[in-house]
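Okay, here's what each chain looks like letter by letter:
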Amino acid sequence: MHSSQLNREIDVKWLFSDQLQEGDVQLLFVQDGYYYMKLGGLQETFEKLLEEKPELAKNLVMVTVSPGSPSQRREVYHPNGEHFEAFTEFFYNEVLPDVQKKLKAINMNVVKMGSLGDSLAGVISLYLAMKKPEIWSHLMLQSAAFDDEMAEDARRQIQQPNWKIYQVVGERENNFKSPVTGEIAHIYDGNKSMMKVFGEKELSLDYHVEDEEHRWIFWKDDLPRALCFFLKN
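Position numbers for residues start from 1 in each chain and track the written sequence from start to end. Given that the model is predicted, a residue must reach a pLDDT of at least 70 before its local features are reported, and side-chain atom pairs must reach 80 or more before they are shown or counted; all residues, however, enter totals for whole chains, interfaces and linings. Based on all heavy atoms of the structure, the side-chain values leave hydrogens and waters out of the count.

### Describing the environment of Glu55
Worth spelling out the cut-off: Numbering of helices and strands runs from the N terminus, with a helix taken as a DSSP run of H or I at least four residues long and a strand as a DSSP run of E at least two residues long. With a 1.4 Å probe rolled over the protein chains alone, any residue whose accessible area is under 20% of its type maximum counts as buried; one over 50% counts as exposed, and the rest are partly exposed. Under this definition, polar contacts are N or O atom pairs within 3.5 Å; protein pairs additionally need one hydrogen-donor-capable and one acceptor-capable atom, and for neighbouring residues in sequence, both atoms have to be side-chain atoms.
By the element assignment, Glu55 lies in helix 3 (residues 54-57). On the accessibility criterion, Glu55 (62% relative accessible area) is exposed. With 90 residues separating them in the primary sequence, Glu55 and Ala145 have C-alpha atoms 34 Å apart. Among the polar contacts made by the side chain of Glu55, one reaches the side chain of Lys58 at a distance of 3.4 Å.

### A look at the pairing of strand 5 (residues 60-66)
Where we set the bar: Pairing between strands is defined by DSSP: at least two bridges between them are needed.
Counted residue by residue, strand 5 has seven buried out of seven residues, so it is predominantly covered. Across the two faces of strand 5 the burial is the same, with Leu60, Met62, Thr64 and Ser66 and Val61, Val63 and Val65 all buried. Note: strand 4 (residues 23-31) against strand 5, six bridges, orientation parallel. Paired with Val30 across the strands is Thr64, a residue of strand 5.

### Points about the side chain of Gln167
How we decide: Residues are treated as being in contact if the distance between any of their heavy atoms lies within 4.5 Å.
On the secondary structure map, Gln167 appears in strand 8 (residues 164-170). Judged by relative accessible area, Gln167 falls into the buried class, the value being 0%. Here Asn191 takes part through its side chain, which lies 3.0 Å from a polar atom of the side chain of Gln167. Excluding residues that lie within four positions of it along the chain, Gln167 makes contacts with Leu141, Phe146, Asn191, Met194, Met195, Phe198, Leu205, Asp206, Tyr207 and His208.

### Description of helix 7 (residues 148-157)
For clarity, the cut-off: The arc in question is traced by the directions running from the helix axis to the C-beta atoms.
If you check which residues of helix 7 are buried, you get Met150, Ala151, Asp153 and Ala154. Along the axis of helix 7, the buried positions cluster into a sector of 155°, meaning they face one direction only. Turned more than 90 degrees off the buried face of helix 7, the exposed positions are Asp148 and Arg156. Among the structural elements, helix 6 (119-131) and helix 8 (187-200) are those in contact with the buried residues of helix 7. Where helix 7 begins, the side chain of Asp147 points an oxygen toward the backbone nitrogen of Glu149, at a separation of 3.1 Å.

### Examining the packing of helix 2 (residues 42-52) against helix 9 (residues 216-232)
As a reminder of what qualifies: Axis definition: a line fit to C-alpha positions, over the contact stretch in the case of helices; interaxial angles, taken between N-to-C directions, run 0 to 180 degrees. These descriptions rest on fixed angle ranges, namely under 35 degrees for roughly parallel, over 145 for roughly antiparallel, 65 to 115 for roughly perpendicular, and the rest for oblique. The sense of a crossing depends on the near helix, which, turned anticlockwise from the far helix by less than a right angle, makes the crossing left-handed and, turned clockwise, makes it right-handed. Note that Gly is not counted as nonpolar here; it falls among the polar residues with everything else outside the nonpolar set of Ala, Val, Leu, Ile, Met, Phe, Trp, Tyr, Cys and Pro and the charged set of Asp, Glu, Lys and Arg.
Their axes nearest at 10 Å, the elements helix 2 and helix 9 cross at an angle of 55°. Comparing their axes, helix 9 and helix 2 come out oblique. In the packing of helix 2 onto helix 9, the handedness of the crossing is right-handed. Side by side, helix 2 and helix 9 meet where Leu42, Thr45 and Leu49 of the first sit next to Leu223, Pro224, Leu227, Cys228 and Leu231 of the second. Here the residues of the contact of helix 2 with helix 9 sort into seven nonpolar, one polar and no charged.

### Brief notes about the nonpolar core
Put simply, the rule is: Side-chain atoms within 4.5 Å are what join buried Ala, Val, Leu, Ile, Met, Phe, Trp, Tyr and Cys residues into a set we call a nonpolar core.
In this structure, Phe29, Phe87, Leu126, Trp136 and Trp163 are the most contacted members of the largest nonpolar core, which totals 51 residues. A per-element tally of this core places helix 5 (residues 84-105) first, with 10 residues. Ranked by size, the runner-up nonpolar core spans 25 residues in total, among them Ala57, Phe218, Trp219 and Leu231.

Structural data, given as C-alpha cells:
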C-alpha cells in the first residue's frame, strides 16, 4: 500500500486460512513480514498449525508489514530513527484503519490483537503498543533489540495495561554487530533489563532464554511456540 505518511510504498499482506468464517478472529500483525515469510517459515508454520490444531488456528488472521531495505527498516523501527514517528502514524492512521474496515465488511469481530517481531521489529511492536496500550492484548518479542534507554522508556510509559507478553532471547546474543550501523548491541542484557521492567509493571509474561545466537534459524524454530502462545492465551 502507498503510505502518505512515509511517502513510499510499504508491503502489507494478509495470511489466513481458506477455512476462515464470519465471526470472532484473532488478529496478529507481523512486523518484518517479508523476512518472516522468507527466512522465518511463517507460512509453513501456519499451515502446520492448521493441519495439527485446526480449531486453534482457523480463525487466525495475520497481517504482515515489511518496512523496506535494511537501512529503511532501522529508520522506521528504531526510536531514534529518522522516520520512526512517521511509521507510527502510518500504522495507526493507514494500516490499522484499513484492516479494521476490511474485517468489518466481512463480518469479522476482532477478539484479540497482537504484534510479533524479531530484533528491531520487536522494538517497534513494543513502542506501537505503548502508544495505544488499550487496543493491544498480546506482544510476541523474539530477541527484541532492547537497550537500557528503551527499558527506561518502558518504565516511564507503561501503566499496567492488560497485555500478555511472550519474550524469548538467546544467551549468546550479546556483542551482536549491526550489519547496518556497525554498532555493537548487547541484546541478551537488553532483554533481561526489559524483563525486569515487565515484572515491575506486573504484566503477564512468558519469558524464555535459549542457548542461541541472534539469527533467523533461532526465531524460525521458536515460531510455533510464539504463535501457540498467542492462540492459547
